[in-house]
Amino acid sequence: MDVVTTRRLELCRLSVGEAERIVRLAAEGSEGWAEGYPSDADVAVARRFLDARDEHGDPGVFGPYEIRRRDDRVTVGGIGFHGPPDEGRFVTVGYGLAPVARGHGYATEALRALLGLARAQGLAGAKGDADLGNVASQRVMEAAGMRYVGEDERVRHYRVEFEAGG
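Attention in this report is confined to the structure presented alongside it. Remember, it's a predicted structure, so these values are computed and weren't measured experimentally.

Quick look at the overall build of the chain
At step 1: On a plain count of helices and strands, the chain comes out with four helices and eight strands.
At step 2: In sequence order, the secondary structure elements of the chain are arranged as β-β-α-α-β-β-β-α-β-α-β-β.
At step 3: The C-alpha atoms of the chain give a radius of gyration of 15 Å, which matches the 15 Å a tight globule of 166 residues would have.
At step 4: The C-alpha extent of the chain, read off along each of the three principal axes, is 40 × 35 × 35 Å.
At step 5: A total of 166 residues make up the chain; the buried ones form 44% of that total.
At step 6: Considering only intrachain contacts with a sequence separation of at least 6, the fraction spanning at least 24 residues in the chain is 59%.
At step 7: Total accessible area on the chain stands at roughly 8,900 Å², and carbon and sulfur atoms take up 45% of it.
At step 8: Each charge class in the chain was averaged separately, 22 positive and 27 negative side chains, and the resulting centres sit 5 Å apart.

Here's what the structure looks like:
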């Protein structure tokens, strides 16, 4: 699945061409990108995607996605899986929005869609984490149905388990 559609957003699977464009044009900006996108983290994700694809092939649905607003087709952030499911059939998720796109509920809407995609793949669940001071990201995971399961000196850990057959 190359595009996951929500009420206001499209999660567009990152292509090689778009990843190369992110790496190449990040410093100067590009048509169709919100101010502040891509962040340094988005550029790092694009580089890792290109390197991993060269080494391991196409990650399929378990790769990164761009978050685009449906009304104007502007890319406002990134979301995705950190790789294929682990031996317990859990994936790890991550996301980020350009500062101008924060506070509109886009991250929660996108994360709910990504978790739905993981569920549709027959996985057992998903994991994520947020820096201790990143309360907004913690609230996004909670609003998307993930629950707090612990923390270390740096991050709070979240998890959601999918019901069998659901």
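A short note on the sheet that holds strand β6 (residues 125-131)
At step 1: Across the sheet, which stays open at both edges, the eight strands sit in the order β1-β2-β3-β4-β5-β6-β8-β7 with mixed pairing between neighbours. At either end of the open sheet lies a strand with only one pairing partner, and these are β1 (3-5) and β7 (147-151). Direction aside, the axes of adjacent strands within the sheet are offset by 25 degrees on average.
At step 2: One ladder, built from three bridges, connects strand β5 (residues 90-97) with β6; its direction is parallel. Bridge pairing links threonine 92 to lysine 127 in β6.

Description of the environment of methionine 146
At step 1: Mapped onto the elements of the fold, methionine 146 is located in the loop between α4 (135-143) and β7.
At step 2: Expressed as a C-alpha distance, the spacing of methionine 146 and proline 85, which sit 61 residues apart in the sequence, is 17 Å.
At step 3: Once residues lying within four places of it in the same chain are set aside, the contact partners of methionine 146 are Val93, Leu111, Leu115, Ala126, Lys127, Gly128, Met141, Tyr158, Arg159 and Val160.

Remarks on the packing of helix α1 (residues 16-25) against helix α2 (residues 40-56)
At step 1: Relative orientation of the contacting elements α1 and α2 amounts to 135 degrees, with a least axis distance of 9 Å. By the angle between their directions, the pair α1 and α2 is classed as oblique. The two elements α1 and α2 meet at a crossing, and its hand is left-handed. Across the interface between the two elements, Val16, Ala19, Glu20, Ile22 and Val23 of α1 pack against Asp42, Val43, Ala46, Arg47, Phe49, Leu50 and Arg53 of α2.
At step 2: Its residues placed into classes, the contact of α1 with α2 shows eight nonpolar, no polar and four charged.

Parameters and conventions
Residues numbered from 1 in each chain as written. Predicted model: local features only at pLDDT ≥ 70, side-chain atom pairs only at ≥ 80, totals over all residues. Heavy atoms only, no water. Helix = DSSP H or I, 4+ residues; strand = E, 2+ residues; numbered from the N terminus. Rg over C-alpha atoms; globule rule 2.2 N^0.38 Å. Buried < 20%, exposed > 50% of the residue type's maximum accessible area, 1.4 Å probe, protein only. Contact = heavy atoms within 4.5 Å. Areas by Shrake-Rupley, 256 points an atom, 1.4 Å probe, with all protein chains shown as cover. Lys, Arg positive; Asp, Glu negative; His and termini not counted. Charge placed at Lys NZ, Arg CZ, Asp CG, Glu CD. Pairing = 2+ DSSP bridges. Axes fitted to C-alpha atoms, helices over the stretch in contact; angles between N-to-C directions. Parallel < 35°, antiparallel > 145°, perpendicular 65-115°, else oblique. Left-handed = near helix turned anticlockwise from the far one by under 90°. Nonpolar A, V, L, I, M, F, W, Y, C, P; charged D, E, K, R; others polar.

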